[in-house]
Amino acid sequence: MNTATAHRADGEVFAARSEPPSRGFSLDSVVDSLKSFASLSEALRILGAGVLIASMSVFLLQGWDDGNDIKRYLLLLAQTGLLAAGGLGLAYGLRETKGARMFFGLALISIPANFTILGALVYSVFQLDGLLSTYPGFATWQLGDIGKLGMTMAGALLVLLPVTLFCFAIMARHSAKLLTLHFAVLNLLLLIPVRSSVIAGAMGLAGTLYAVWALRGLLARDKALKTPEGRFALTALFLPIGIVLFRSMYFYDVSSLLLAMLAAAVFIALRQASLFPERSKLIGGLLDAVSLPVAATGAISLAAATAGFMPDKFLGPLGALVYAAFAVDVMRRTSSGIVSGFASITTSLAVMFAFAFSVMAFAESALAALLTVTAGTGLLLAGLWFKERSAAIAGILTIAIGVWYGFAPVLEMFLTSSWISLAVFGASAIALGSLVERHGAAVRLRVVRWTQARRDQEQVVLDD
């Protein structure tokens, strides 16, 4: 016992004496120095990237005083080539991969800028919408010669496509060809010679749907895209869409329909980002929370866009139903109970107030009253089905408002209607009731299974 204690004590003394004496140079100080140098190098990379992006922005905003527009564009094209060459020099010359990836990433970002200027040159020769007007000096790009346009585009594509392929090969080697193909398709949207806000919005929405479809397919094929470089490569697919929408909003009149399509595109992008593999629950919840005001903007814009084609009594209900469709999607997929509860409450309030205002403002309309009662019934059933108390209460209030303000016009409609119309309505109601009783449970079961299957599928994607 004493011997063991003595040995243990001797060992402790020996260990204590074996430690090197404290001096000005130590391993900890070396590690701290390396960390500080690493932080400094990262800061320098970020600073350099910011300056290069600023230089491209200044070029697009100010241009060059000397030379024609083709020479101006060739300077931007040369900058893209130099960025790729700088990445090659760092990768194979200095064997420094982080700085090389930064250069390749900047080269990839500059490619949509090149296609944007190519689109401006194309638009100076061809216009499909006839909206060619006076631009600010920094946005004026003119060519005027079809031959020069063809040569410029051919030369640009010979440079841009290989650079794109090489940059994607650095970011995601196994998916480089598919990424290049999808990126080229999306950048070709910038060459379409139209500037109408409605067409631009449709192009942006279609491009967003295409990018999301491509992203899902790529993620299913290549698990390496979940790395930071892979995520950057996937995010780059959305750059041309943003330019299409921003260009139309900046230079032309912004219509309500454009805002509606822009909101839909942003909602789809946020939805995909929130479901991205290995996304943290906090970030996913924040993205879902941001999706709700975006959905509200899209719903209001769509209602305003249809003001000239639809009776006023239907505008509010239309906006409420569109918002409800978006919000229900958020409720179904979000992992945040706060976001789900907020979406449920705002959906119930939006539907209740929209239909209630419609029947109160147009009290003589029997159709508005019937739609209000129908909407209230739908809210009540949804609240009972999904055990959402706010929806059930809002449904009861909506039904009460519809009956209170719509009883007289509905009664008058029945009294003035022919017996044939009433007979058809009654028979249809009986048949509908029979169908609900016969197939309601089966339909409900299928909806529950489909919803659960979708949740399981998305959870598998998140787990993978």
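What counts as what
- Residue positions are given per chain, counting from 1 as you read along its sequence in written order.
- Totals for whole chains, interfaces and linings use every residue, but because this is a predicted model, local features are given only for residues with pLDDT of at least 70 and side-chain atom pairs only at 80 or more, for both listing and counting.
- As a rule here, side-chain values cover all heavy atoms of the structure and leave hydrogens and water aside.
- Strands are runs of DSSP state E lasting at least two residues, helices are runs of H or I lasting at least four, and both sets are numbered from the N terminus onward.
- Relative accessibility thresholds used throughout: buried, under 20% of the residue-type maximum; exposed, over 50%; partly exposed, between the two (1.4 Å probe, protein chains only).
- Any two residues whose heavy atoms approach within 4.5 Å at even a single point are treated as in contact.
- The method behind every accessible area is Shrake-Rupley, applied with a 1.4 Å probe, and residues are considered shielded solely by the protein chains displayed.
- In a helix, the anticipated span is given by 1.5 Å times the number of residues less one.
- Patch criteria: residues need more than 30% relative accessible area and no salt bridge. Like-charged residues are merged within 9 Å; nonpolar side chains of Val, Leu, Ile, Met, Phe, Trp and Tyr are merged within 5 Å.
- Take a side-chain nitrogen of Lys or Arg and a carboxyl oxygen of Asp or Glu: if they are within 4 Å of each other, that pair is a salt bridge.
- Only rings of Phe, Tyr and Trp enter the pairing, Trp through its six-membered ring, and a pair is recorded when the two centres are within 6.5 Å. The plane angle decides the type: under 30 degrees is stacked, over 60 is edge-to-face, the rest tilted.
- Nonpolar cores were defined as sets of buried Ala, Val, Leu, Ile, Met, Phe, Trp, Tyr and Cys residues, with membership established by side-chain atoms within 4.5 Å.
- We treat Lys and Arg as the positive residues and Asp and Glu as the negative residues; His and chain ends play no part in the count.
- Two N or O atoms count as a polar contact when they lie within 3.5 Å, although within protein this holds only if one can serve as hydrogen donor and the other as acceptor, and sequence-adjacent residues are included solely when both atoms are side-chain atoms.
- Only the stretch in contact is used when fitting a helix axis, every axis being a line fitted to C-alpha atoms; angles between N-to-C directions are given from 0 to 180 degrees.
- Here the angle decides the label: under 35 degrees means roughly parallel, over 145 means roughly antiparallel, 65 to 115 means roughly perpendicular, and every other value means oblique.
- We call Asp, Glu, Lys and Arg charged. Ala, Val, Leu, Ile, Met, Phe, Trp, Tyr, Cys and Pro are nonpolar, and the rest, Gly among them, are polar.

Trainee: Please give an account of the overall build of the chain that cites residues and values.
Mentor: Scanning the chain from N- to C-terminus turns up 16 helices and zero strands. Here the chain holds 464 residues, and 38% of them are scored as buried. Partitioning the contacts of the chain with sequence separation of at least 6, the portion at a separation of at least 24 is 73%. Carbon and sulfur atoms make up 70% of the accessible area of the chain, which totals about 26,300 Å².

Trainee: Hey, could you go over helix H12 (residues 315-333) for me, with residue numbers and the actual values?
Mentor: Here H12 contains 19 residues, and its C-alpha end-to-end distance of 28 Å stays within 8% of the 27 Å for a straight helix at 1.5 Å per residue. Looking only at H12, the buried set comprises Leu315, Pro317, Gly319, Ala320, Val322, Tyr323, Ala324, Ala327, Asp329, Val330, Arg332 and Arg333.

Trainee: Lay out a nonpolar patch on the surface with the relevant residues and their values.
Mentor: A grouping of Leu88, Tyr92, Phe166 and Ile170 is seen on the molecular surface, where their side chains present a nonpolar patch of about 360 Å² in accessible area. Tyrosine 92 sits in the exposed class, given a relative accessible area of 55%.

Trainee: Would you mind going over the packing of aromatic side chains in detail, with residue names and values included?
Mentor: This model, assessed by the stated rule, comprises four aromatic pairs. Ring centres of phenylalanine 168 and phenylalanine 183 lie 5.5 Å apart, and the angle between their planes is 85°; on these two criteria the pair is classed as edge-to-face. Note that phenylalanine 168 is positioned in helix H5 (residues 146-171) and phenylalanine 183 in helix H6 (residues 176-188), a separation of 15 residues in sequence. Take phenylalanine 168 and phenylalanine 183: they sit in the same class, and that class is buried.

Trainee: Describe the pattern of salt bridges, listing the residues and the values that go with them.
Mentor: Under the counting rule described, the total for this entry stands at five salt bridges. Between aspartate 329 and arginine 271 there is a salt bridge, and its shortest N-O distance comes to 2.9 Å. Placement of the pair is aspartate 329 in helix H12 and arginine 271 in helix H10 (residues 256-274), with a sequence separation of 58 residues. Classification of arginine 271 by relative accessible area gives buried; the value is 15%. Across the salt bridge formed by aspartate 329 and arginine 332, the nearest N and O atoms sit 3.6 Å from each other. Of this pair, aspartate 329 and arginine 332 both sit in helix H12, three residues apart, which is roughly one turn of that helix.

Trainee: Outline the nonpolar core, supporting the account with residue identities and numerical values.
Mentor: Among the nonpolar cores identified, the biggest contains 50 residues, and Leu179 and Leu234 are the most heavily contacted of them. Per-element accounting of this core gives the leading share, 11 residues, to helix H4 (residues 97-125). Not counting the four nearest positions on each side in its chain, leucine 234 is found in contact with Leu179, Leu215, Leu218, Leu219, Leu225 and Phe276. Residues Leu287, Tyr323, Val339 and Ala343 belong to the second largest nonpolar core, which totals 14 residues.

Trainee: Residue-level account of the environment of arginine 389, with values.
Mentor: Here arginine 389 is to be found in helix H15 (residues 389-416). Through-space distance from the C-alpha of arginine 389 to that of serine 344 is 9.4 Å; in sequence the pair is 45 residues apart.

Trainee: How would you explain H4 if you had to name every residue and give the values?
Mentor: When the terminal C-alpha atoms of H4 are compared, their 43 Å separation across 29 residues agrees well with the 42 Å that a helix rising 1.5 Å per residue should span. With respect to burial, H4 is a largely interior element, 22 of its 29 residues being buried.

Trainee: So what about the side chain of aspartate 222? Which residues, and what values?
Mentor: Tracing the chain through its elements places aspartate 222 in the loop between helix H7 (197-221) and helix H8 (228-236). It is arginine 221 that comes nearest to the buried, bridge-free aspartate 222 among opposite-charge side chains, at 7.8 Å. A polar contact is formed between the side chain of aspartate 222 and the side chain of serine 175, at a distance of 2.8 Å. When neighbours within four sequence positions are excluded, aspartate 222 is seen to be in contact with His174 and Ser175.

Trainee: Outline the packing of H7 against H10, listing residues and values.
Mentor: Put simply, H7 and H10 touch, their axes get as near as 8 Å, and they point 10° apart. What the angle tells us is that H7 and H10 run roughly parallel. Grouping the constituent residues of the contact of H7 with H10 by class yields 15 nonpolar, five polar and two charged.

In short, shape yes, function no, at least from these values alone.
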